[in-house]
Amino acid sequence: MNINELIAIDVHTHAEVSCRQEPDEAWKPFEEASAKYFKAGKRPNIHETIAYYRERKIGLVMFTVDSEFQIGAKRIPNEEVADAARENSDIMMAFASIDPHKGKMGVREARALIKDGVIKGFKFHPTLQGFFPNDRLAYQLYEVIAEYKLPAIFHSGHSGMGTGMPGGGGLRLKYSNPIHLDDVAADFPDMTVIIAHPSWPWQDEALSVCLHKPNVYIDLSGWSPKYFPPQLIQYANSQLKTKMLFGSDYPLISPDRWIKDFQEAGFKPEVHDLILKQNAIRALKLA
């Protein structure tokens with residue numbers, strides 16, 4: 001990334017619509033339910049997303065979510081996201097998503113993607129992927145990520161995915177309690193762990209893990225800042241001011257809306273640039 005030309009870095013954006021393959025019918029009920037929950041409109045494809053960020057001079061970290069084991073829907077290929085980052089390296093980084101249930105084949109894929117040189121981190125969604133982050137089935141993947149000292153983003157807290165569907169679409173919220181990431185951060189100190197979202201209803205657990213473990217950050221995506229719990233803003237203004245990251249969850253929340261609400265949400269002026277840009281430069285090793 002050309003960090004000097006960017007006004008902010010969004011560490012949490014989704015590759016929602018492929019430019020190379022048709023949407024999978026198995027995913028449509030989840031997409032429709034999430035659109036209702038987030039009041040979201042038509043999803044942009046990968047190229048449209050990048051153009052949106054380029055127009056605003058905001059850097060972005062993009063990833064898909066591999067939920068093939070739990071949902072049975074075909075993922076957008078990691079290679080497509082990597083190719084987009086290769087073509088837009090001035091503003092974009094690509095993270096890969098590999099379901100831990102893929103075992104050794106997943107480990108092989110992770111190594112190949114890292115060695116290709118474009119993938120700079122990984123995305124996990126415990127609720128959509130159906131695993132506890134501290135389950136040993138995922139550790140062989142973490143070992144590869146830690147070996148290369150790369151970051152990994154983990155969804156935490158409530159999930160809009162499945163909300164309102166019968167049985168929540170079969171998804172379990174328990175997997176996304178951030179306290180399970182305490183084990184991961186302790187066992188893999190060379191892997192930067194990014195806890196995604198205000199972690200309601202487990203916000204205090206996330207703050208505790210982030211405060212205790214030097215390799216843990218929190219990204220503030222998925223909610224408008226005007227709805228943030230007061231203790232999250234309190235710690236962002238004080239002890240954790242260098243460990244909070246701007247993330248939007250685009251396209252479900254736009255960075256335009258997020259930044260506007262952030263400027264009015266009680267964050268001290270001296271932490272604005274830290275959260276919008278400087279903390280991400282450090283967490284993503286961009287300096």
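Residues numbered from 1 in each chain as written. Predicted model: local features only at pLDDT ≥ 70, side-chain atom pairs only at ≥ 80, totals over all residues. Heavy atoms only, no water.

A closer look at the UniProt feature "domain: Amidohydrolase-related" (unreviewed entry) in the chain
Residues annotated by UniProt as "domain: Amidohydrolase-related" (unreviewed entry) correspond here to residues 9-286. Here residues 9-286 is 38% helix and 14% strand, with 11 Å between the C-alpha atoms at its ends. (UniProt positions renumbered as here; feature names shortened; annotations may be inferred. Helix = DSSP H or I, 4+ residues; strand = E, 2+ residues; numbered from the N terminus.)

Observations concerning unusual backbone geometry
In the segment running from Trp200 into Pro201, the intervening peptide bond is cis, with an omega of 10 degrees. With respect to the secondary-structure elements, Pro201 resides in the loop between β6 (192-196) and α8 (203-212). Residue Tyr250 is joined to Pro251 through a cis peptide bond whose omega torsion reads 10 degrees. If you trace the backbone, Pro251 turns up in the loop between β8 (244-245) and α10 (255-262). Residues other than glycine seldom take positive phi values, yet Lys57 does so here, at roughly 55 degrees. Along the chain, the position of Lys57 falls in the loop between α2 (46-56) and β2 (58-63). For Lys57, a relative accessible area of 53% translates into the label exposed. (Buried < 20%, exposed > 50% of the residue type's maximum accessible area, 1.4 Å probe, protein only.)

Some thoughts on the side chain of Ser248
Note that Ser248 resides in the loop between β8 and α10. Note on Ser248: relative accessible area 0%, which makes it buried. A distance of 2.5 Å separates a polar atom in the side chain of Ser248 from a polar atom in the side chain of Asp10. Among residues more than four places away in sequence, those in contact with Ser248 are Asp10, His12, Thr13, Tyr53, Ser221, Gly222, Ile253, Ser254, Pro255 and Trp258. (Polar contact = N/O pair within 3.5 Å; in protein donor to acceptor, adjacent residues only side chain to side chain. Contact = heavy atoms within 4.5 Å.)

Concerning the packing of aromatic side chains
By the definition in use, this model includes 16 aromatic pairs. Their ring planes at 65 degrees and their centres at 5.5 Å tell us that Tyr52 and Tyr53 sit as a pair that is edge-to-face. Accessibility classification places Tyr52 together with Tyr53 in one group, the buried group. Ring geometry for Phe132 versus Tyr175: centroids 4.7 Å apart, planes at 70 degrees, classification edge-to-face. One end of the pair, Phe132, is in the loop between α5 (126-129) and α6 (139-147); the other, Tyr175, is in the loop between β5 (151-155) and α7 (180-187), and 43 residues separate them in sequence. Owing to a relative accessible area of 26%, Phe132 belongs among the partly exposed residues under this scheme. Judged by relative accessible area, Tyr175 falls into the buried class, the value being 16%. An aromatic cluster of at least three residues, connected via ring pairs, comprises Phe124, Phe131, Tyr139, Tyr142, Phe154 and Phe188. Taking the ring centre of Tyr52 as reference, the NZ or CZ of Arg56 above it sits at 3.5 Å. (Phe/Tyr/Trp six-rings, centres within 6.5 Å; stacked < 30°, edge-to-face > 60°. Lys NZ or Arg CZ within 6 Å of the ring centre and 35° of its normal.)

A closer look at the sheet that holds strand β4 (residues 119-124)
Spatially, the eight strands line up as an open sheet ordered β1-β2-β3-β4-β5-β6-β7-β8, and their pairing is parallel. Of all the strands in the sheet, just β1 (8-14) and β8 have a single pairing partner and so form its edges. For strand β3 (residues 92-96) and β4, the ladder comprises two bridges, and the chain directions are parallel. Paired with Ala94 across the strands is Ile119, a residue of β4. Against the sheet, α6 engages β4 and β5, with an angle of about 150 degrees to β4. (Pairing = 2+ DSSP bridges. Axes fitted to C-alpha atoms, helices over the stretch in contact; angles between N-to-C directions.)

Notes on the packing of helix α4 (residues 103-116) against α6
Closest axis-to-axis distance for the α4/α6 pair is 9 Å, and the angle between their directions is 15 degrees. Classed by the angle they form, the pair α4 and α6 counts as roughly parallel. Between α4 and α6 the crossing geometry is right-handed. Where α4 abuts α6, its residues Gly103, Lys104, Gly106, Val107, Ala110, Arg111 and Ile114 lie against Gln140, Leu141, Val144 and Glu147. Each residue belonging to the contact of α4 with α6 can be placed in one class, and the counts come to five nonpolar, three polar and three charged. (Parallel < 35°, antiparallel > 145°, perpendicular 65-115°, else oblique. Left-handed = near helix turned anticlockwise from the far one by under 90°. Nonpolar A, V, L, I, M, F, W, Y, C, P; charged D, E, K, R; others polar.)

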